[in-house]
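A structural walkthrough
Take a look at the letters that make up each chain.
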Amino acid sequence: MSAGAIEIKDLRVDYGDFVAVNDISLSVPYGEVFGLVGPNGAGKTSTFRVLATLMEPTYGEVSLAGIDILENTERAREVIGYMPDLAPVPSDLKLWEFLDFHADTHRLGNRKERRARVDECLDIVNLTEKENAWCKALSRGQTQRLVLAKTLMHRPSVMILDEPASGLDPLSRREMRHALQKLAKGGATVLVSSHILTELAEMCSSLCVMNEGNLLASGTAEQVREKLGKKERSVRATFLAENEAVLSWLRTDSRISEIQADGPEVTFHFVGNDEEQVGFLSTLASGGFGLKAFEEEGSSFEDILVQVAEGNRKS
Amino acid sequence: MSEELQRGKIVPFWKIWANPIVRRYARSRLRPVSLGGVLLVFVLIAAFIFFSIRQGAMGQGKLELMYAARLPIVPLLVLQGLILFMLGTGQVAGAMTAEADEGVLEYQRLAPMTPLAKVVGYLFGLPIREWVIFAATTKHLNAALYL
């Protein structure tokens, strides 16, 4: 139980009769930015709260950086950096006081040493000029950045970030993405959830998809997309001009569905393997239809998640 | 990032002055502007109780200073009891509820401190302003006892 930075084995969380997390097992190596994706109610936050030692699971084993969090909670808290969703800040403290308090709880030296670390963290999140402002006076995005600074304060080896980019403008998002990747390169393991899926796919070295408490797939973005994406491929073909003949020809092929024509551009779904697709496109190209270009569109994460959420509604 | 910062030793629970939670509330609840006004009000109330009872006993009751000065002891103890048990307890209960509502209580829960140190931190930290007011009104009690 101590190979990866995050090791989860048979984790289950029940709320009465409701199963929020259903026997999931997961291993995240050191230095990864690992994404947790899923629709609302998938069990992401419950998993995060267990990992952050804020909640005891019904059963299961969890270790962070080799520390069993259920056996040795206080020691585990020294290596965890947790940033909750819609992270709150106290209304009666200034920015530097809030960070200094966290430096103090983690025993990061005397007043001068703590202040140096506070300044360093404020600089990372670009809030140095606001150090004497009240926490309550910050905007949503600034609050998120402040809580990220708090999370970084004690240099945790495992960071658990629940929706860290919510409320951030595009520039701040990009900065946060780079900051997290830099932390991972330095050896920290970052577990992150987000609803901005394209961003998550760009940010994470690997990810997993949860739904109704179950782990549907995990691996690199490409592996997850392959496993959960639609079986049919979406193909967009562009012809020299609007072509009725090609539409008639496409309709005769049983592997083709959902044909949509927009001038010289035709999109359709094709069911078949790679070889069948090559054969199909060769026929299309040599059929005298004036084919100019074609492009295959894979299932995006957005599609995958919508598919999963729609499946939930139907069931 | 994987290397951990040099951390100091765990502070024992009885070192109240070194408890991060006490220091956090000392910072937020003892700001001169907010503390000054409240402190002035309670010191004036204590002074009024002390002098009005003592002078009344000396004037109308014709008691000697030594005996007259003892009479405000009970009213002053009642005032200090109100400060600690009513205001202090109310502050602890109210602030804990507000922190739980805001969600910031979770940060304290995640602090790597022993449960006992956290309890001591809240017990002495949250009502720290009330402790200061209590201490400030004690001089009137001392005057009543030892004058």
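A few points on the structure. All residue numbers refer to position in the chain's written sequence, counted from 1. Labels are handed out in written order, letters beginning with A for the chains and numbers beginning with 1 for the ligands. Predicted model: local features are reported for residues with pLDDT of at least 70 only, side-chain atom pairs are reported and counted for 80 or more only, and whole-chain, interface and lining totals are derived from all residues. The side-chain numbers reported here are obtained from all heavy atoms of the structure, hydrogens and water having been left aside.

What about the interface of chain A and chain B?
- On the side of chain B, 32 residues touch chain A, which itself brings 43 residues to the contact.
- Values labelled buried area give the accessible surface lost by two parts on being combined, using a 1.4 Å probe and summing over both. For the pair chain A and chain B, the two sides together bury roughly 3,400 Å², of which 55% comes from carbon and sulfur.
- It is F101, R107 and R155 of chain A in chain A that bury the most area against chain B; as a group they hold 21% of the surface buried on that side.
- Here, a salt bridge means any side-chain nitrogen of Lys or Arg that lies within 4 Å of a carboxyl oxygen of Asp or Glu. For the interface between chain A and chain B, the tally reads 5 salt bridges.
- Between R31 of chain B and E97 of chain A there is a salt bridge, with its nearest N and O atoms 2.6 Å apart.
- N or O atoms within 3.5 Å of each other form a polar contact, as long as, within protein, one can give a hydrogen and the other can take it, and as long as residues adjacent in sequence are counted only when both atoms are side-chain atoms. The interface formed by chain A and chain B holds 10 residue pairs in polar contact (both at pLDDT 80 or more) in total.
- Here the residues of the side of chain A that touches chain B are counted per class, giving 21 nonpolar, 8 polar and 14 charged. Residues count as neighbours in contact if any of their non-hydrogen atoms are within 4.5 Å of one another. All amino acids are sorted into three groups, where Ala, Val, Leu, Ile, Met, Phe, Trp, Tyr, Cys and Pro are nonpolar, Asp, Glu, Lys and Arg are charged, and the leftover types, Gly among them, are polar.

Observations concerning helix α2 (residues 32–59) of chain B
Residue and element names in this part refer to chain B.
- The end-to-end C-alpha distance of α2 is 38 Å, a good match for the 40 Å that 28 residues give at a rise of 1.5 Å each.
- Inspection of α2 places L35, F42, A46, A47, I49, F50, R54 and A57 among the buried residues, and these make up the whole buried set.
- Buried residues along α2 sit in contact with α3 (65–68), α4 (73–102) and α7 (128–146). The way it works is that DSSP assigns letters per residue, a run of H or I at least four long becomes a helix, a run of E at least two long becomes a strand, and they are numbered from the N terminus. A helix is expected to span 1.5 Å for every residue after the first. Burial here depends on accessible area, computed with a 1.4 Å probe over protein chains only, as a share of the maximum for the residue type. Under 20% is buried, over 50% is exposed, and the range in between is partly exposed.

Re the nonpolar core
- The set of buried Ala, Val, Leu, Ile, Met, Phe, Trp, Tyr and Cys residues whose side-chain atoms join them within 4.5 Å is what this entry labels a nonpolar core. Formed by 47 residues in total, the largest nonpolar core has its most connected members in F98, L99, L146, L148, L161 and V192 of chain A.
- Membership of the second largest hydrophobic core comes to 32 residues, among which are V13, I24, A52 and I67 of chain A.

Examining helix α10 (residues 274–286) of chain A
Residues and elements named next belong to chain A.
- In a regular helix each residue adds 1.5 Å, so 13 residues correspond to 18 Å; α10 covers 18 Å between its end C-alpha atoms and thus fits that length.
- Turning to α10, its buried residues are Q277, F280, L281 and L284. Buried residues in α10, looked at end-on, bunch into an arc of 95 degrees, giving them a common side. Projecting away from the buried face of α10 at angles above 90 degrees are the exposed residues E275, V278 and S286.
- The elements touched by buried residues of α10 are β11 (233–239), α9 (244–252), β12 (256–262), β13 (265–270) and β14 (291–297).
- Looking one or two residues past α10, G288 carries a phi angle of roughly 75 degrees, positive in sign. This arc is taken over the directions from the axis of the helix to the C-beta atoms.

Here's the deal with the packing of aromatic side chains
- Each pair of aromatic rings taken from Phe, Tyr and Trp, with Trp reduced to its six-membered ring, is defined by centres within 6.5 Å and is described as stacked if the planes are under 30 degrees apart, edge-to-face if over 60, and tilted in the remaining cases. For the structure on display, the rule yields 9 aromatic pairs over all chains.
- Ring centres 6.1 Å apart and planes at 80 degrees place the aromatic pair W131 of chain B and F134 of chain B in the edge-to-face group. Placement of both W131 of chain B and F134 of chain B in helix α7 is noted, with a separation of 3 residues, approximately one turn of the helix.
- A relative accessible area of 34% places W131 of chain B in the partly exposed class.
- For F134 of chain B, a relative accessible area of 25% puts it in the partly exposed group.
- By way of ring pairs, the aromatic residues W249, F268, F270, F280 and F289 of chain A are connected into one cluster.

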